[in-house]
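Residues per chain, in single letters:
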Amino acid sequence: MAKKRILSGMRPTGKLHIGHYVGALENWIKLQNEYDSYHLIADYHVLTTDLETGNIYSNTIEMVIDWLASGLDPAKSPFFRQSQIKQHTELHLIFSMLITTARLERNPTLKEQVRDLNIENVIYGHLGYPVLQAADILLYKGAAVPVGEDQVPHVEITREIARKFNNQYGVVFPEPEPLLTNFARLVGLDGKAKMSKSLDNTILLSDSPEEVKQKLRKAVTDPQKLRKNDPGRPEVCLIFSYHKKFNEGETPEIDRDCRSGALGCVDCKLKLAAKLNDFLAPVLEKRKQLENDLDSVKDIIAEGEKRALATAENTMNEVHTAMKLG
Ligand code: TRP
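Since we're looking at a predicted model, the values are computed, not measured.

The rules behind these values
- Residues numbered from 1 in each chain as written.
- Predicted model: local features only at pLDDT ≥ 70, side-chain atom pairs only at ≥ 80, totals over all residues.
- Heavy atoms only, no water.
- Helix = DSSP H or I, 4+ residues; strand = E, 2+ residues; numbered from the N terminus.
- Polar contact = N/O pair within 3.5 Å; in protein donor to acceptor, adjacent residues only side chain to side chain.
- Contact = heavy atoms within 4.5 Å.
- Salt bridge = Lys/Arg side-chain N within 4 Å of Asp/Glu carboxyl O.
- Buried < 20%, exposed > 50% of the residue type's maximum accessible area, 1.4 Å probe, protein only.
- Domains from an automatic or database assignment.
- Buried area = accessible area lost by both parts, 1.4 Å probe.
- Pairing = 2+ DSSP bridges.
- Disulfide = S-S within 2.5 Å.
- 1 Å grid on protein atoms, 1.4 Å probe; cavity = no way out; pocket = protein on both sides within 12 Å on 5 of 7 lines; lining within 4 Å.
- Points joined across faces, edges and corners; volume = space filled by probe spheres on them.
- Nonpolar A, V, L, I, M, F, W, Y, C, P; charged D, E, K, R; others polar.
- Near = heavy atom within 4 Å.
- Core = buried A, V, L, I, M, F, W, Y, C linked by side-chain atoms within 4.5 Å.

> Account for the side chain of Thr 158, naming residues and giving values.
Along the polypeptide, Thr 158 turns up in helix H9 (residues 152-169). Looking at Thr 158, its side chain comes within polar contact range of the main-chain oxygen of His 154, at 2.8 Å. If we skip the residues at most four places from it in the chain, Thr 158 touches Gln 133, Ala 134, Ile 137, Leu 138 and Pro 176.

Spelled out as structure tokens, the structure:
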């Protein structure tokens, strides 16, 4: 039986952090064996919130290096840039006729971005963000999309557009399902709800053991645990939430010793640094190899774009036939 197709995507914002790993990449790596996966580099989507394009290419390379170093396998699933497969923009245009502006204005992800980034006037392309995303997914007939909670509204819009197209012109597209990542987002080192580069509260997949230690040293813990032997509350401590992810085996003991006051934050952070660095060591090693062989990284993208293009051309032929164009 043919494997089910999934389409996953990320905007290229440069080096990835452990929040990207926990929230997305880890899941993609697991899914690549069960599914026929396509991995999109959403470089045009960057423009929806930042018109400066000078860093997009280098950010793409950094992101792809992190994908590879973490274990995503390009032999299994192609990596490709939206900007290089012209069918994305073509299908985006067709889809833009199949949804109302009122529907797009209700998109909660857009509302959140407008609030978080203090955007005064929304540009047309930003309003259309989910329309381009629908084109990304449906161009490859993705049946499922691995995403976090915040992207579920975009998958819903994709389903609506697929339904509308199929009703209007005949069935070409599946109605994709979201595949939710089960681990919640990692909290940032400053205790903010989200680890994010713009908040400067991240641990990067490319951080050295010393950087990891330094960053953890400054991280926020339970504000009521002022002295080493004060009893702490693991449930409010972000360091404990990282232990749960990267050091699961020791969590019962850490929980107990934090509460009793036997374990101070400095030691607790050192335990975590050791585990995180064990996890990151092979990633760093692979990263170093790739940085010294950028041609092979570029070849991987070029090869992925060839494969993606073949699929994209087939879909657009079907679209044009269904629409009686050409
Ligand atoms: N909007 C996604 C994000 O910000 C990125 C993205 C673009 C995407 N196109 C996609 C994700 C298609 C999944 C499928 O995370």
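> Quick rundown of the pattern of salt bridges? Include the residues and the values.
Pairs can form between side chains of opposite charge once their charged atoms are near each other. Counting across every chain of the model gives 23 salt bridges. Taking the shortest distance from any N to any O, the salt bridge between Lys 245 and Glu 26 comes out at 2.8 Å. Taken together, the residues Lys 245 in helix H11 (residues 238-246) and Glu 26 in helix H1 (residues 18-34) connect sequence positions 219 residues apart. Exposure remark for Lys 245: the relative accessible area of 21% places this residue in the partly exposed category. Looking at Glu 26, the relative accessible area reads 27%, which means it is partly exposed. The salt bridge partner of Glu 303 is Lys 306, with a shortest N-O separation of 3.8 Å. Of this pair, Glu 303 and Lys 306 are both found in helix H14 (residues 294-322), 3 residues apart, which corresponds to roughly one turn of the helix. The class of Glu 303 is partly exposed, set by a relative accessible area of 41%. Shared partners join several salt bridges into a network, and the residues in it are Glu 156, Arg 159, Arg 163, Glu 175 and Glu 177.

> Describe the domain arrangement of the protein chain, naming the residues involved and giving the relevant values.
Partitioning the protein chain into domains gives domain 1 (5-186 + 294-323) and domain 2 (207-288). Averaged C-alpha coordinates put domain 1 and domain 2 at centres separated by 34 Å. Between domain 1 and domain 2, the contact holds 12 residues from the first and 8 residues from the second. In total, domain 1 and domain 2 occlude about 980 Å² of area from one another, counting both sides; carbon and sulfur atoms represent 69% of this. Looking at the side of domain 1 facing domain 2, the largest losses of area belong to Ile 18, Ala 69 and Leu 186, adding up to 44% of the total buried there. Across the domain 1-domain 2 interface, the total number found is 3 salt bridges. Here Glu 62 ties to Arg 287 by a salt bridge, and the two come within 2.8 Å at their closest N and O atoms. The interface formed by domain 1 and domain 2 includes 3 residue pairs in polar contact (both at pLDDT 80 or more). Of all elements in the fold, only H1 and helix H3 (56-70) reach the threshold of two or more residues within the side of domain 1 that touches domain 2. No other element matches the 5 residues that H3 contributes to the side of domain 1 that touches domain 2.

> So, the pairing of strand S1 (residues 5-10): which residues are in play, and what are the values?
When S1 meets strand S2 (residues 36-41), the two strands line up parallel, connected through 6 bridges. Each bridged residue has a counterpart across the sheet, and for Met 10 the counterpart in S2 is Ile 41.

> Can you lay out the state of the cysteines for me, pointing to particular residues and giving the numbers?
Per the stated rule, a full pass over the model turns up 0 disulfides. The thiol of Cys 237 is unpaired, and the distance to the nearest cysteine sulfur, on Cys 265, comes to 6.1 Å. Of all cysteine sulfurs, the one in Cys 237 lies closest to Cys 258, which takes part in no disulfide; the gap is 6.4 Å. By relative accessible area, Cys 258 is classed as buried at 13%.

> Tell me what's going on with the layout of surface pockets, and back it up with residues and numbers.
Looking at the second largest pocket, its volume works out to about 380 Å³. The wall of the second largest pocket is formed by 19 residues, among which His 92, Ser 96, Tyr 124, Gly 125 and Gly 128 lie closest to the centre. Elements with a contribution of two residues or more to the lining of the second largest pocket: helix H4 (87-95), helix H5 (101-105), helix H7 (124-127) and helix H8 (129-139). Of the residues in the lining of the second largest pocket, the class split is 11 nonpolar, 8 polar and no charged.

> So what's going on with the site of the ligand? Residues and values would help.
Lining the immediate environment of the ligand, one finds Leu 7, Gly 9, Arg 11, Leu 40, Ala 42, His 45, Tyr 129, Gln 133, Asp 136, Ile 137, Val 145 and Gln 151. Contact between the ligand and Asp 136: a nitrogen atom at 2.7 Å from a side-chain N or O atom of the residue. Residue assignment for the shell around the ligand shows that the elements contributing at least two residues are S1 and H8. With 4 residues, the top contributor of residues to the shell around the ligand is H8. When its residues are assigned to classes, the shell around the ligand shows 6 nonpolar, 4 polar and 2 charged.

> Would you mind going over the nonpolar core in detail, with residue names and values included?
In this structure, Leu 25, Trp 67 and Leu 216 are the most contacted members of the largest nonpolar core, which totals 44 residues. For this core, the elements supplying multiple residues, two or more each, are H1, H3, helix H10 (209-218), H11, helix H13 (265-291) and H14. Composition of this core by domain shows at least three residues from each of domain 1 (5-186 + 294-323) and domain 2 (207-288). Each residue touching Leu 216, except ones within four places of it in the same chain, is listed here: Leu 189, Ile 203, Ile 239, Tyr 242, Lys 269, Leu 272, Ala 273 and Leu 276. If you look at the next biggest cluster of nonpolar residues, it comprises 36 residues, including Ala 134, Ala 135, Val 145 and Val 172.

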